[in-house]
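# Reading the structure
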Amino acid sequence: MAIPCLNLKNKGMPSRHISSQSFDDILSELGDDPAIPDPHGIRKTAYPKGTPLEPPKPSKQRAELEAFSSKNLLGQIQKLGGLLTFGAGIVGIGIAILIGYESLKTGSEAQVQESHKEILEIKKEFALLRAELQMGHDDLYETIDSIEVSIHSLRENKSIHQVAAKPQALAHEAELRRWRYLGASQMGGSHQAFFHSGQSTVIFQKGMLVLGDWRLTHLEKDLATLTHSKGKTLNLKPSKTE
């Protein structure tokens, strides 16, 4: 579109001269005014020369956002994987602890049962030992009682034996017991007795000392009595001596 050369004058401004070609170039660079209607589509959009059309590129902010989203997603996946691994480890540890606890519980119960059996066996042995000890205690007391009875019986028998024992022989008693009474005679008021001493015949009158402290105190046909000064008597007979 050709526009005549204009002389622009203004007060206070220097005059400028713009040729028609320069003006057209300026309008071409500025483009058509959208305020002026173009019903017939005569105007065409002018593009700068030497500039190829390129597809629109995503903005740098969008690229950074997508990169950040990708990194964030990858980090979340890695974090989720770590959490899953940690959770699986915790579950495994819990299962191992539970199994160990059950094993320990079972072992403890078995050990308690075994200890209970051993305690019962010890109690049985202790009861048997106590019964044997009681029996031995009873037998000991019976033995002690028997010993006491035996000692008492021995004491009584000894006392009886001592009482029943013959008194101690006096002087010349054993010798007189060997004598044999031969008989007696009476002449007037005197009585005489005849004895055989084992060696010879001897004659003693009634009331005389025969041997030691033994005195002839009594005469009969078949008996002569000798009496000691301590009160003991000795009877002599014809057949044998006492």
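Preceding block: the structure.
Heads up: these notes are all about the structure in this document. (Residues numbered from 1 in each chain as written. Predicted model: local features only at pLDDT ≥ 70, side-chain atom pairs only at ≥ 80, totals over all residues. Heavy atoms only, no water.)

### A short note on the overall build of the protein chain
When helices and strands are tallied, the protein chain shows three helices and nine strands. Starting at the N terminus and ending at the C terminus, the protein chain contains elements arranged as β-β-α-α-α-β-β-β-β-β-β-β. Buried residues in the protein chain amount to 9% of all 242 residues. Sequence-distant contacts in the protein chain: of pairs separated by 6 or more residues, those separated by 24 or more amount to 30%. A total of about 20600 Å² of accessible surface is found on the protein chain, and carbon and sulfur atoms cover 60% of it. (Helix = DSSP H or I, 4+ residues; strand = E, 2+ residues; numbered from the N terminus. Buried < 20%, exposed > 50% of the residue type's maximum accessible area, 1.4 Å probe, protein only. Contact = heavy atoms within 4.5 Å. Areas by Shrake-Rupley, 256 points an atom, 1.4 Å probe, with all protein chains shown as cover.)

### A few points about the packing of aromatic side chains
Across all of its chains, the model carries four aromatic pairs by this definition. With centroids separated by 6.1 Å and ring planes inclined at 15°, the aromatic side chains of Trp179 and Phe204 adopt a geometry described as stacked. Taken together, the positions of Trp179 in the loop between α3 (173–177) and β3 (180–187) and Phe204 in strand β5 (residues 201–205) put the pair 25 residues apart, joining distant regions of the chain. The class for Trp179 is buried, based on a relative accessible area of 5%. Among the aromatic residues, those joined into a cluster by ring pairs are Trp179, Tyr181, Phe195 and Phe204. (Phe/Tyr/Trp six-rings, centres within 6.5 Å; stacked < 30°, edge-to-face > 60°.)

### Some remarks on the sheet that holds strand β4 (residues 190–196)
With respect to topology, three strands assemble into an open sheet ordered β3-β4-β5, the strand pairing being antiparallel. Of all the strands in the sheet, just β3 and β5 have a single pairing partner and so form its edges. Recorded for the sheet is a direction-independent mean angle of 25° between the axes of neighbouring strands. Both β3 and β4 contribute to a ladder of seven bridges, which runs antiparallel. Bridging from a neighbouring strand, Ala184 pairs with Ala193 of β4. (Pairing = 2+ DSSP bridges. Axes fitted to C-alpha atoms, helices over the stretch in contact; angles between N-to-C directions.)

### With respect to unusual backbone geometry
For His172, which is not glycine, the phi dihedral falls at a positive 70°. Among the structural elements, His172 can be located in the loop between α2 (60–164) and α3.

### Re the pattern of salt bridges
Counted under the stated rule, the structure contains two salt bridges. Close ionic contact of Arg177 with Glu173 constitutes a salt bridge, the shortest N to O distance being 2.9 Å. Linking Arg177 with Glu173, this pair stays in helix α3, spanning four residues, or about one helical turn. Residues Glu173 and Lys232 are paired through a salt bridge, measuring 2.7 Å at the closest nitrogen-oxygen approach. With Glu173 in helix α3 and Lys232 in the loop between β8 (224–227) and β9 (233–236), this residue pair connects regions lying 59 residues apart in the sequence. (Salt bridge = Lys/Arg side-chain N within 4 Å of Asp/Glu carboxyl O.)

### Focus on the pairing of strand β7 (residues 214–219)
For strand β6 (residues 209–211) and β7, the ladder comprises two bridges, and the chain directions are antiparallel. Across the sheet, Leu211 pairs through a bridge with Trp214, a residue of β7. Of the pairings in the sheet, the one linking β7 to β8 comprises four bridges and is antiparallel in character. Looking at β8, one finds that Leu219 is bridged to Ala224.

### Description of the side chain of His228
Along the polypeptide, His228 turns up in the loop between β8 and β9. The class for His228 is buried, based on a relative accessible area of 8%. For His228, the contacting residues outside a window of four places in its chain are Leu170, Asp213 and Trp214.

### A word on the sheet that holds β8
As summarised here, the arrangement of the four strands in space is β6-β7-β8-β9, forming an open sheet in which the pairing is antiparallel. Since the sheet does not close on itself, it has two edges, and those belong to β6 and β9, each with one partner. Averaged over all neighbouring strand pairs, the angle between strand axes comes to 40°, with direction disregarded.

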